[in-house]
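Here is what each chain is made of, one letter per residue.
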Amino acid sequence: MRPATPQDISAIHSIYSHHVLKGLGSFEEAPPPPEELRRRYDEVNERGLPYLVADFGGTIAGYGYCALYRTRSAYRYTVEDSVYVRPDAQGRGVGGALLAALIERCEALGYRQLIAVIGDSAHHASIGLHASHGFLRVGTLRSVGFKFGRWVDGVIMQRPLGQGDATSP
């Protein structure tokens, strides 16, 4: 596990493109160009938030990052995670390792809540991954997306970080 670098954008683009074209984890329907992923990467880094890759001997098996959940000031202690794993590396603990590292880094930065917005209520792998790291399912947005010719739910999961809401930040 290491911080992502601009040199990783090509591998990140490949992984994300697969998920956009084949899965419901992203509600994008066309893969954004590498330049857009670089812009998003820069935005995360400019905010001092974690953007990580799982690097196995120079091969990127997955990536994850946290971004602000919302930009309005009252949300300033809440972040949202995104984790994507290369298809041939799924089921090997890559997603769990990325998520655990993101949680640790966000706690160290003083954030108090971590949100996961999961595409498709039937995405059991992602729901299970988040549940295994202390997330609770707090809601389902019914049929908020339309992809691959069908309506798709959004599942909202939440996990406290550090003291959570037990104390003021």
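Let us look at the structure shown here.

Looking at the overall build of the protein chain
So, point 1. Along the backbone of the protein chain there are four helices and seven strands.
So, point 2. Scanning the protein chain from its N terminus toward the C terminus, one meets helices and strands in the order β-α-α-β-β-β-α-β-α-β-β.
So, point 3. Compactness check: the protein chain gives a C-alpha radius of gyration of 15 Å against a globular reference of 15 Å for 169 residues, within 12% of the reference.
So, point 4. Projecting the C-alpha coordinates of the protein chain onto the three principal axes gives extents of approximately 40 × 35 × 30 Å.
So, point 5. Per-residue burial for the protein chain yields a buried fraction of 42% across its 169 residues.
So, point 6. Looking at the protein chain alone, contacts between residues at least 24 apart form 62% of all its contacts between residues at least 6 apart.
So, point 7. Accessible surface computed for the protein chain: about 8,900 Å², of which carbon and sulfur atoms make up 51%.
So, point 8. Distance between charge centroids for the protein chain: 3 Å, based on 18 positive and 17 negative side chains.

Digging into unusual backbone geometry
So, point 1. We note that Asp-120 has phi near 85°; this positive angle belongs to a residue other than glycine.
So, point 2. Take Asp-120: it is sitting in the loop between β5 (113-119) and α4 (124-132).

As for the environment of Leu-102
So, point 1. Considering the arrangement of structural elements, one finds Leu-102 in helix α3 (residues 94-108).
So, point 2. Between the C-alpha atoms of Leu-102 and Gly-64, which are 38 residues apart in sequence, the distance is 7.5 Å.

Overview of the packing of helix α1 (residues 9-22) against helix α2 (residues 34-46)
Two packed helices can be described by the angle between their axes and the distance between those axes.
So, point 1. It is the contact of α1 with α2, at a shortest axis distance of 10 Å, that shows an interaxial angle of 110°. Comparing their axes, α2 and α1 come out roughly perpendicular. Contacts between α1 and α2 involve Ile-9, Ile-12, His-13 and Tyr-16 on the former and, on the latter, Pro-34, Leu-37, Arg-38, Arg-40 and Tyr-41.
So, point 2. When its residues are assigned to classes, the contact of α1 with α2 shows six nonpolar, one polar and two charged.

Some points on α4
So, point 1. Every buried residue of α4 is listed here: Ser-126, Ile-127, Leu-129 and His-130. When α4 is viewed along its axis, its buried side chains cluster within an angular range of 160° and face the same direction. More than 90 degrees from the buried face of α4, the exposed residues found are His-124, Ala-125 and Ser-132.
So, point 2. For α4, the secondary structure elements touched by its buried residues are β4 (78-85), α3, β5, β6 (136-147) and β7 (150-160).
So, point 3. Gly-134 sits one or two positions beyond α4 and adopts a positive phi of about 90°.

Overview of the environment of Gly-162
So, point 1. Within the secondary structure layout, Gly-162 lies in the segment after β7.
So, point 2. Spatially, the C-alpha atom of Gly-162 lies 20 Å from that of Ser-73, the residues being 89 residues apart in sequence.

What counts and what doesn't
- Residues numbered from 1 in each chain as written.
- Predicted model: local features only at pLDDT ≥ 70, side-chain atom pairs only at ≥ 80, totals over all residues.
- Heavy atoms only, no water.
- Helix = DSSP H or I, 4+ residues; strand = E, 2+ residues; numbered from the N terminus.
- Rg over C-alpha atoms; globule rule 2.2 N^0.38 Å.
- Buried < 20%, exposed > 50% of the residue type's maximum accessible area, 1.4 Å probe, protein only.
- Contact = heavy atoms within 4.5 Å.
- Areas by Shrake-Rupley, 256 points an atom, 1.4 Å probe, with all protein chains shown as cover.
- Lys, Arg positive; Asp, Glu negative; His and termini not counted.
- Charge placed at Lys NZ, Arg CZ, Asp CG, Glu CD.
- Axes fitted to C-alpha atoms, helices over the stretch in contact; angles between N-to-C directions.
- Parallel < 35°, antiparallel > 145°, perpendicular 65-115°, else oblique.
- Nonpolar A, V, L, I, M, F, W, Y, C, P; charged D, E, K, R; others polar.
- Arc of directions from axis to C-beta.

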